[in-house]
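What the coordinates show
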Amino acid sequence: MRLLPLALGVPQRGSPRHLPYCNSAPLLLLLLLLGGCLGFSGAAAGSRRPNVVLLLADDQDEVLGGMTPLKKTKALIGGMGMTFSSAYVPSALCCPSRASILTGKYPHNHHVVNNTLEGNCSSKSWQKIQEPDTFPAILRSMCGYQTFFAGKYLNEYGAPDAGGLAHVPLGWSYWYALEKNSKYYNYTLSINGKARKHGENYSVDYLTDVLANVSLDFLDYKSNSEPFFMMISTPAPHSPWTAAPQYQNTFQNVFAPRNKNFNIHGTNKHWLIRQAKTPMTNSSIQFLDNAFRKRWQTLLSVDDLVEKLVKRLEFSRELNDTYIFYTSDNGYHTGQFSLPIDKRQLYEFDIKVPLLVRGPGIKPNQTSKRLVANIDLGPTILDIAGYNLNKTQMDGMSFLPILKGASNLTWRSDVLVEYQGEGRNVTDPTCPSLSPGVSQCFPDCVCEDAYNNTYACVRTMSEMWNLQYCEFDDQEVFVEVYNLTADPHQINNIAKSIDPELLGKMNYRLMMLQSCSGPACRTPGIFDPGYRFDPRLMFNNHGSVRTRRFSKHL
């Protein structure tokens, strides 16, 4: 398949096997004169900025062994670079989390609250307000990068009410995006704004392999005079969990982990967790075991994709000048607290994700315990490109100094996690005993979400403390607190037994983070030496208290 860039100027002439591209040398000169991207950390004077590849999996957990099938990925990226053991997402759902990656912002600042157009997922409002300031748009417009996207973008991308597949977000030189949510066969792609349908022939249609092939095409035919950024967003291991034929019989003896919070009642937790049926039925356990196995099967094709990509970069002698990031948009659960399968919850299995990085200046086979979040990906990649982060409105911070092994580094000790629950206005016909207001009720009518499954948490990690404090936006303002040092499986809610003074400090910190923007999101946490309680941070410009509750309308 031959890739064509978006037309931003007059294409150069070339041989039939070379793609035309936009000559951006005059643009690069202008950007340098205007102070765009002036260099990058550790670069020699006059050297070209590094290339960057971001590989994004869909629903891949870290806590339940989601990286186990990816042996080549762990060796080629983690083994040759750094693995982060404390990487989190600010919302355990696809579209809000992906919006946070692209914008570097918490959900309360980019306003994507769920996977629907009404929830601002790829809506016209998102396209107008947020897309022009995403980090790929900055890379393209201010740093002169070739930018390539392939795979799942946002869950409602391609919706007719939001421009359809003709819409190509600002900042992308090459656009190869999936219509709506993850599939493996029988899908439609937008290729630079033109629709192309795919069927169910494995050799030409299996999406993970298609993404691998088009990515290799880009590396073959791109311009060699500009640095490049690639974002490859695979469908795996998202449902419907369709593995490639050669992998459909693997992991036959693998089952979902029977850890301490598997198939137990969520005592002292929010009502949504308590409503799960305990013990689970044999059919539910069989269903989730099968899902767990199939998820791993789909990841084997992702492992192949990573290997092909790294080998091609090595063959073209670009590997040593390229940063490669591997992560996921959210975690997943299979039977924890008797919830069969899904994400959306506040617990580690849903909010913690893999994060592996290799690249220039990163020593091999390192592990970092530093607390990072996916809002940091954009700032880190812009920092690599040499862009002045003070010119952005991003909430995250660059972890490039961590990758480079900086000593005496002052780093954050907490991140915000926030989610706005979804429910159905009518009773689910398959579960007539349930009232309206719940959703995702499968299997056995166990509901994974509800309107008042709306919460916000402070996830804190310091030398002395490993805590999570959460408040629900419901009539009782339910609170959950966990000491993950003593209780890594989050079985015991200590909200009623923890020191009230500490509880109050975490409440104040939560209110501050829920109303933060930009640098205010990076202020010291309650266990940091520089922490100061400033009540002004909890007020808006008009002097009224900033609410902890999520906006019901954008």
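The model shown is predicted, which means the values in this text are computed figures rather than measured ones. (Residues numbered from 1 in each chain as written. Predicted model: local features only at pLDDT ≥ 70, side-chain atom pairs only at ≥ 80, totals over all residues. Heavy atoms only, no water.)

Let us now look at the UniProt feature "modified residue: 3-oxoalanine (Cys)" (unreviewed entry) in the protein. Following the UniProt record, one finds the feature "modified residue: 3-oxoalanine (Cys)" (unreviewed entry) at Cys-94. Its location among the elements puts Cys-94 in helix α3 (residues 94-103). Residue Cys-94 is classed as buried on the basis of its relative accessible area, which comes to 0%. With residues up to four places along the chain from it excluded, the contact list for Cys-94 reads Asp-58, Asp-59, Asn-115, Lys-152, Asn-155, His-238, Asp-329, Asn-330 and Lys-343. (UniProt positions renumbered as here; feature names shortened; annotations may be inferred. Helix = DSSP H or I, 4+ residues; strand = E, 2+ residues; numbered from the N terminus. Buried < 20%, exposed > 50% of the residue type's maximum accessible area, 1.4 Å probe, protein only. Contact = heavy atoms within 4.5 Å.)

Here three bridges tie strand β16 (residues 438-441) to strand β17 (residues 447-450), and the two strands are oriented antiparallel to one another. The residue of β17 that forms the bridge with Cys-441 is Cys-447. Between β16 and the antiparallel strand that follows it, β17, lie five residues; Asp-444 among them carries a positive phi value of about 60°. (Pairing = 2+ DSSP bridges.)

Packing of helix α8 (residues 207-221) against helix α10 (residues 282-315) leaves a shortest axis separation of 9 Å and a crossing angle of 10°. Overall, the two elements α8 and α10 adopt an arrangement that is roughly parallel. Residue-level inspection shows Thr-208, Asp-209, Leu-211, Ala-212, Ser-215, Leu-216, Leu-219 and Asp-220 of α8 in contact with α10, the latter providing Ser-301, Val-302, Leu-305, Lys-308, Leu-309, Arg-312 and Leu-313. In terms of residue class, the contact of α8 with α10 is made up of eight nonpolar, three polar and four charged. (Axes fitted to C-alpha atoms, helices over the stretch in contact; angles between N-to-C directions. Parallel < 35°, antiparallel > 145°, perpendicular 65-115°, else oblique. Nonpolar A, V, L, I, M, F, W, Y, C, P; charged D, E, K, R; others polar.)

This part takes up the confidence of the model for the protein. Residue-level pLDDT values for the protein average 91, and 89% of them are 70 or greater. A low-confidence stretch, residues 7-34 (pLDDT under 50), is modelled with 42 contacts involving residues beyond four sequence positions or located in other chains. (pLDDT = per-residue confidence, 0-100.)

The four strands lie next to each other as β15-β18-β19-β20, forming an open sheet whose pairing is antiparallel. Each of the sheet's edge strands pairs with one partner strand only, and the pair in question is β15 (414-419) and β20 (479-483). Here the strands of the sheet are splayed against their neighbours by 10° on average, with no regard to which way each runs. Summarising the sheet, strand β18 (residues 455-461) and strand β19 (residues 466-472) pair through seven bridges and their orientation is antiparallel. Within β19, the residue paired with Met-461 across the bridge is Asn-466.

Moving on, we get to the sheet that holds strand β2 (residues 82-84). If you walk across this open sheet you meet the 10 strands as β7-β6-β5-β4-β8-β1-β9-β12-β2-β13, and the pairing is mixed. Each having just a single partner strand, β7 (194-197) and β13 (366-368) make up the two edges of the open sheet. Neighbour-to-neighbour, the strand axes of this sheet turn through a mean angle of 15°, independent of strand direction. Contacts from helix α2 (residues 71-78) reach β1 (51-57), β2, β9 (322-328), β12 (355-358) and β13 within the one sheet, and its direction differs from that of β12 by about 45°. Sheet strands in contact with α3 are β1, β4 (146-152) and β8 (228-233), and its direction is about 170° off that of β1.

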